[in-house]
Amino acid sequence: LAFPSRSPMSGPITSSTRARLLRPDLELDLLSATHALHASLLVAFPTETVYGLGADATSPAALRALYAAKGRPADNPLILHAHSLAALQRANVIPNPLPKHAAALARAFVPGPLTLVLNAHPDSPVSALATAGLPTVAVRVPSHPVAQALLAALENHPR
């Protein structure tokens with residue numbers, strides 16, 4: 001469903017860390033990556049600014065694995081990625097309609113390297129681990145073609 005945006009990992013990768021790497025120079029196996037994410041595994045993928053290490057934002061197990069792999073403190077919220085803001089609205093992650101200021105920014109910069117911080121939808125399926133328990137959610141729609149393809153595949157192949 002959605003992905004954190006930063007890739008640098010400050011902690012070591014151990015034998016218990018399982019991840020898949022999608023590389024833009026190889027033919028993508030998007031269905032395999034989708035299955036991996038649905039199985040609470042991690043997937044690395046490029047965005048227009050960095051490689052992201054992605055996890056299913058609705059899976060506490062996947063998010064715990066992500067925080068551990070990155071050595072990231074759990075009180076540091078993640079940025080969720082999606083194919084479109086409309087996809088996040090359909091999934092009840094963000095409000096529909098968007099606040100006016102957010103809609104104006106989105107028209108100008110989405111898709112792209114813009115992160116919007118919005119009030120989470122009251123019925124959001126996103127785990128509190130992804131938002132660090134905050135009432136807001138950070139969302140982004142990357143423009144990189146590999147990220148777009150993966151996120152579209154996830155939207156087209158829900159659990």
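Rules and cut-offs
- Residues numbered from 1 in each chain as written.
- Predicted model: local features only at pLDDT ≥ 70, side-chain atom pairs only at ≥ 80, totals over all residues.
- Heavy atoms only, no water.
- Pairing = 2+ DSSP bridges.
- Helix = DSSP H or I, 4+ residues; strand = E, 2+ residues; numbered from the N terminus.
- Axes fitted to C-alpha atoms, helices over the stretch in contact; angles between N-to-C directions.
- Core = buried A, V, L, I, M, F, W, Y, C linked by side-chain atoms within 4.5 Å.
- Buried < 20%, exposed > 50% of the residue type's maximum accessible area, 1.4 Å probe, protein only.
- pLDDT = per-residue confidence, 0-100.
- Contact = heavy atoms within 4.5 Å.

A. Local environment of the sheet that holds strand 5 (residues 115-119). The 3 strands are arranged 4-6-5 in an open sheet whose pairing can be described as mixed. The strands lining the two open edges of the sheet, one partner per strand, are strand 4 (79-81) and strand 5. When strand polarity is set aside, the average angle formed by the axes of neighbouring strands in this sheet is 40 degrees. Alignment of strand 5 against strand 6 (residues 136-140), held across 5 bridges, turns out to be antiparallel. Considered in strand 6, the bridge of Leu116 is made with Val139.

B. How the structure looks around the nonpolar core. By size, the foremost hydrophobic cluster in this structure holds 29 residues, and its most contacted members are Leu80, Leu85, Ile94, Leu98, Leu116 and Val139. Counting residues per element, the ones that place at least two in this core are strand 2 (42-46), helix 2 (60-70), helix 3 (85-90), helix 4 (100-109), strand 5 and strand 6. It is helix 2 that contributes the most residues to this core, 5 residues altogether. Grouped together as the second largest cluster of nonpolar side chains are 9 residues, Ala33, Ala147, Leu150 and Leu151 included.

C. Structural context of the confidence of the model for the chain. Averaged over every residue, the pLDDT of the chain is 85; residues scoring 70 or more account for 82%. Contacts for the low-pLDDT stretch residues 1-15, under 50 throughout, to residues beyond four places or in other chains number 57 contacts.

D. Structural detail: the environment of Ile94. Take Ile94: it is sitting in the loop between helix 3 and helix 4. In this structure, the C-alpha to C-alpha distance between Ile94 and Asn119, residues 25 residues apart in sequence, is 6.8 Å. Beyond its immediate sequence surroundings of up to four residues, Ile94 is in contact with Leu85, Leu88, Gln89, Leu118, Asn119, His121, Val137 and Val139.

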